[in-house]
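Here is what each chain is made of, one letter per residue.
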Amino acid sequence: MKNVLIVKLSSIGDVIHALPVSYAIKETFPEARLTWVVEKASYSLLEDNPCIDRLILFKKEEMRASMGGFWRNFFPLRRELKAEKYDVSLDLQGLFKSAAIVKVADAKLKLGTCDMRELSDKVSKKIVGEHRNGHIVDRYLDVARAIGCRVNEVCFPLKVSERNQKIALSVLERNGFRRHNRYAVLVVGASWRTKCWGSNSFAAFADWLYEHKVVPVLVGSGVAEEQAAREIEHFAEIPPVNIVGKLNLAQLAFVMQNAALVVGSDTGPTHLGAGLKTKTIMLMGPTKPFRTGSYGQAENIIVADRPCLECMNRICPKGEDCLKAITVNKVAAKAGELLRV
């Protein structure tokens, strides 16, 4: 096995879930050259991955903006893909866009996951492994097993450059954090409204952390999460350290690596915390813990007590606040157990 192509473009959580595939490939085939195609949002997370030899940026936004944008970006992408002759490609996205990339790369063997959609299974062979009804990490690893990979250890290979470490520390300190304090990372938002824990709840939990000599640090990105962070600051008795929108994923990984605790819903940064083996509490309601719960930390998942649990709705048809059923006291009890306070 000389050249391997992984196509896993987005979302951030799914890219994190696919990281163990890169480790499994290098563990089994240490001489293999591994190329990964990814979108901009997750690029920084993979830049210093010790298992990836080459990263190709898929400029989705530029290609979608106009016909001119498509053609300006398509031919450079094609040249990059054609620069290698791949023995195998692994389509871990399973959508039309990833299938198009796989088709252009034209590896000798093309494999994909058990969840392929949008005719992607017409380009790559669908691998239906023993974990087809299990966690998404294990489903991805079934594809690695199909090319002969050993999976002796499920490892999320993440390395943060010294430069990104310094930037992360600088951002923390500029926002009022003292370097030697014990702290917890609070992931304040998610892409689905039904996955979000309320600002009042986060504020009350932040106050609980301060009472137990743990500094709450708010993280996230985007306008909605910046607004949520401002609300949390307003509702809290003592404003948490707010670094929402101020870090890339690699810098966030460094912050999470050194945290005492991560708390958030089923969203990319929370999965990052779990992948780094930081103690992680995941709050879940509309999504399925067996499929996308924090990998390796199932005992730290708190599920909303609702009859409509695991509905998979981005917006509640009943107009209810899904995660409101998870009380601050319940999260504090689990946090106390993990922090030993």
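Residues numbered from 1 in each chain as written. Predicted model: local features only at pLDDT ≥ 70, side-chain atom pairs only at ≥ 80, totals over all residues. Heavy atoms only, no water.

Sorry, what's going on with the pattern of salt bridges here?
Pairing between side chains becomes possible if they bear opposite charge and their charged atoms approach one another. Under the criterion given, the structure shown has 14 salt bridges. Of the charged contacts in the structure, one is a salt bridge between aspartate 87 and lysine 108, with a shortest N-O distance of 3.7 Å. Residue aspartate 87 is located in the loop between α4 (67–82) and β4 (88–91), and its partner lysine 108 is located in the loop between α5 (96–105) and β5 (109–112); the two are separated by 21 residues in the primary sequence. The exposed category is assigned to lysine 108, whose relative accessible area is 73%. Of the charged contacts in the structure, one is a salt bridge between lysine 334 and glutamate 337, with a shortest N-O distance of 3.3 Å. Within this pair, lysine 334 and its partner glutamate 337 are both found in helix α13 (residues 328–339), separated by 3 residues, close to a single helical turn. Taking relative accessible area as the criterion, lysine 334 reaches 15% and is therefore assigned buried. One salt-bridge network, held together by shared partners, links Glu39, Lys60 and Lys97. (Salt bridge = Lys/Arg side-chain N within 4 Å of Asp/Glu carboxyl O. Helix = DSSP H or I, 4+ residues; strand = E, 2+ residues; numbered from the N terminus. Buried < 20%, exposed > 50% of the residue type's maximum accessible area, 1.4 Å probe, protein only.)

Got a minute to help me understand the pairing of β4 in this structure?
Every regular strand shows the same layout, with side chains that alternate between the two sheet faces. Burial along β4 is two-sided: Val88 and Leu90 facing one way and Ser89 and Asp91 facing the other are all buried. The sheet contact formed by strand β1 (residues 3–7) and β4 spans 4 bridges and is parallel. Along β4, the bridge assignment pairs isoleucine 6 with leucine 90. Bridge analysis of β4 against β5 gives 4 bridges, and the strand direction is parallel. Note on β5: the bridge partner recorded for leucine 90 is leucine 111. Regarding the hand of the β-α-β motif, the stretch spanning β4, α5 and β5 is right-handed. (Pairing = 2+ DSSP bridges. Right-handed = clockwise from strand over helix to strand, strands pointing away.)

Looking at this structure, I do not really get the nonpolar core. What am I missing?
For soluble globular proteins, the rule of thumb is that nonpolar side chains tend to be buried together. Counting 57 residues, the largest nonpolar core has Val21, Ile25, Trp36, Leu90, Val185, Met256 and Leu272 as its most contacted members. With 7 residues, the top contributor of residues to this core is helix α1 (residues 12–28). Within the second largest apolar cluster, 32 residues are counted, among which are Val188, Phe205, Ala229 and Leu338. (Core = buried A, V, L, I, M, F, W, Y, C linked by side-chain atoms within 4.5 Å.)

It is not clear to me how α1 should be interpreted in this structure. Could you clarify?
Along an α-helix, residues three or four apart share an orientation, since each turn contains 3.6 residues. Here α1 is 17 residues long and its end C-alpha atoms lie 26 Å apart, about the 24 Å a rise of 1.5 Å per residue gives. If you look at α1, its biggest bend is around 25°, right at alanine 18, and the proline proline 20 turns up within four residues after that. Across the 17 residues that make up α1, a large majority, 13, are buried. (Expected span 1.5 Å × (residues − 1). Bend = angle between axes of the 7 residues up to and from the residue.)

Before we go on, may I ask you to explain the sheet that holds strand β12 (residues 301–303) in this structure?
Sheet strands pair by backbone hydrogen bonding; their relative direction is either parallel or antiparallel. In space, the 6 strands of this open sheet follow the order β9-β8-β7-β10-β11-β12, with parallel pairing throughout. Of all strands in the sheet, those bounded by a partner on one side alone are β9 (241–242) and β12. Pairing geometry for strand β11 (residues 280–284) and β12, over 3 bridges, is parallel. From the neighbouring strand, methionine 284 faces β12, where its bridge partner is valine 303. The strands touched by helix α10 (residues 249–257) within the sheet are β7 (183–187), β8 (215–219) and β10 (261–265), with β7 carrying the most contacts at an inclination of about 135°. (Contact = heavy atoms within 4.5 Å. Axes fitted to C-alpha atoms, helices over the stretch in contact; angles between N-to-C directions.)

When you look at the sheet that holds strand β2 (residues 33–39) in this model, what are you seeing that I'm missing?
Read across the sheet, 6 strands follow the order β3-β2-β1-β4-β5-β6 without closing on themselves; strand pairing throughout is parallel. Every other strand in the sheet has two partners, leaving β3 (54–58) and β6 (125–126) as the edge strands with one partner each.

What's the story with the state of the cysteines in this structure? I'm lost.
One pass over the full model with this rule turns up 0 disulfides. Of the cysteine sulfurs around cysteine 311, a residue in no disulfide, the closest is that of cysteine 308, at 5.8 Å. The exposure class assigned to cysteine 311 is partly exposed, which follows from its relative accessible area of 34%. In this structure cysteine 322 is a free cysteine whose sulfur lies 6.1 Å from that of cysteine 311, the closest cysteine sulfur available. (Disulfide = S-S within 2.5 Å.)

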